[in-house]
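Descriptive structure summary
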Amino acid sequence: MRRLASWFSVLFLSAVILTYISFILTDNFFYYESDFLPFYVSAKIFREDFRKIYDFETILSYEKKLFPAPYKTEENYAINPFINTPYLILLYLPLSYLPPRFAFFTAAGLMAVILGIDLYLLHRLFAPKEKAVLPILTALSFAPSFVTIFQTQNSLVTLLIIIGCYSLIKREKYFQTGLLASLLLYKLQIAVVVLAFLMLLRKGKIIAGFLCGGLLVFFISALMLGGDINIFIKANLWYVLQYEQQPVNNLYMISWQGFITQLYYLFNGLKYATLMRISALFLSIITVISAGIKILKIPKIENFLPEIFSLMCITILLSAMHVQSHEAVLLLFPFFVFISKAANKMAIIVFLGWLIFLLSFFTPFYPRPLYLAPTLYLFLIFKLISGSFGRNQTAKVKSGRQ
């Protein structure tokens, strides 16, 4: 199994490298469809009129001007808006001074560097008993890894912040942990789940740090919008409520939101958007509560930090809103934890996840009922990790009696 995984990883990674080189050498327009577009456009708009970064008409006009893809027409030019917290634009401001093509490859290169940093830190933290080449090769060839790079999404930054929080908690730097975690507010749906888990650790300084960092983020964002934070709130409300108007956008999400949408698509043709949203929200809340109950039953939380953070990553992917396949790079955290245990069962689970997300990326070859597979796989890992808390505690009690 391990040798097979290695060969698959080598072949797939080679294909990714060749694809990337071909993108650089050819006049392609693939990045016109990437998530780079709203980040780059929003930075351009911010430089000229900061109040318009969430204005859909302005965004659409800029996208047409900056990305005049030959295959796009007035009829099929769909808007790709910026909906993140305003301070995220600051990261893209330097890139906005470059032409779109060069800015994209610069952003993709930076994301590749961040992936390298993530892998280095994960390997240092968990020191897998296997040779370093296997987990690193598996991670580099993991489909969401290169999807995130080519989309220039910030999922790898999210992973880096989570790794940083874990490292700080291990060193008992709780206030700094909260400060760092507050940076995740550029994606509110993820920040909420992370905050819930940090509260379960019962360290007041973490919450104090998060609140201080959150206030700073709020102040900077409000300042960037000229004090009118309502501009941001309205844009985010629109994005949340689009579930009603365009439920088809949720079909390819890997969370409960995508899972429920797929089920309704199979049986009801997406006719009940409100019921879909309520069902997904219910499952998400139940998942977070279930994880919380499991953690609260642990007597000494510090002994289970790798498992708790692994469970947090899985809970984010299952329960946060609008979770796309690129967010699955958060699985690299539990992957390294699993591989470090050098257990055959865990190695098989890692390879299964590698294969599932590879297939889900190539959607034309993925039969529709199997779109449910990523969410079911995440739920499987959720059950395995949460179930391991009780088993590990029982084993420790028995060993203490002997």
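In short, a report on the structure. (Residues numbered from 1 in each chain as written. Predicted model: local features only at pLDDT ≥ 70, side-chain atom pairs only at ≥ 80, totals over all residues. Heavy atoms only, no water.)

**Structural notes on the overall build of the protein chain**
For the protein chain, the helix and strand inventory stands at 18 helices and zero strands. Across the 402 residues of the protein chain, 53% fall into the buried class. Summarising the internal contacts of the protein chain: among those between residues at least 6 apart in sequence, 75% fall at separations of at least 24. Surface summary for the protein chain: the accessible area is close to 18,900 Å², and the carbon and sulfur share equals 68%. (Helix = DSSP H or I, 4+ residues; strand = E, 2+ residues; numbered from the N terminus. Buried < 20%, exposed > 50% of the residue type's maximum accessible area, 1.4 Å probe, protein only. Contact = heavy atoms within 4.5 Å. Areas by Shrake-Rupley, 256 points an atom, 1.4 Å probe, with all protein chains shown as cover.)

**Notes on the environment of F56**
As for its position among the elements, F56 is in helix α3 (residues 56–66). Judged by its relative accessible area of 28%, F56 falls in the partly exposed class.

**Examining the packing of helix α5 (residues 100–126) against helix α16 (residues 332–340)**
Between two packed helices, both the angle of their axes relative to each other and the distance between the axes serve to describe the pair. Taken N-terminus to C-terminus, the directions of α5 and α16 make an angle of 35 degrees; their axes are 10 Å apart at the nearest point. α16 is crossed by α5, and the crossing has right-handed handedness. Here L115, L119, L122, H123 and F126 of α5 lie close against α16, whose contacting residues are L332, F333, F336, V337 and S340. (Axes fitted to C-alpha atoms, helices over the stretch in contact; angles between N-to-C directions. Left-handed = near helix turned anticlockwise from the far one by under 90°.)

**A look at unusual backbone geometry**
Even without glycine at this site, R202 takes up a positive phi of about 60 degrees. Relative to the elements of secondary structure, R202 occurs in the loop between α10 (188–200) and α11 (204–224). Of note, the phi angle at H322 is positive, near 55 degrees, even though the residue is not glycine. By secondary structure assignment, the location of H322 is in the loop between α15 (305–319) and α16.

**Observations regarding a nonpolar patch on the surface**
A contiguous nonpolar surface patch, about 490 Å² in accessible area, is contributed by L90, L216, F219, I220 and L223. In terms of residues, the nonpolar patch owes the most to one element, α11, which gives four residues. Considering the arrangement of structural elements, one finds I220 in helix α11. (Patch = residues over 30% accessible without salt bridge, like charges linked within 9 Å, V, L, I, M, F, W, Y side chains within 5 Å. Salt bridge = Lys/Arg side-chain N within 4 Å of Asp/Glu carboxyl O.)

**Concerning the packing of aromatic side chains**
Under the counting rule described, the total for this entry stands at 17 aromatic pairs. For the pair F146 and F150, a centre-to-centre distance of 6.1 Å together with 75 degrees between the ring planes defines the contact as edge-to-face. Placement of the pair is F146 and F150 together in helix α7 (residues 143–151), with a separation of four residues, close to one helical turn. For the pair Y166 and F309, a centre-to-centre distance of 5.4 Å together with 80 degrees between the ring planes defines the contact as edge-to-face. One end of the pair, Y166, is in helix α8 (residues 155–170); the other, F309, is in helix α15, with 143 residues separating them in the sequence. Like Y166, the residue F309 is buried in the burial classification. Members of the aromatic cluster, joined through ring pairs, are F36, Y40, F104 and F105. (Phe/Tyr/Trp six-rings, centres within 6.5 Å; stacked < 30°, edge-to-face > 60°.)

**Describing the nonpolar core**
Counting residues in each nonpolar core, the largest one holds 118 residues, and the members touching the most others are I308, F309, I316, L331, L332 and F333. By residue number, the principal contributor to this core is α5, which donates eleven residues. For I316, the residues in contact, after removing those within four places along its chain, are I162, I190, V193, V194, V323 and L330. (Core = buried A, V, L, I, M, F, W, Y, C linked by side-chain atoms within 4.5 Å.)

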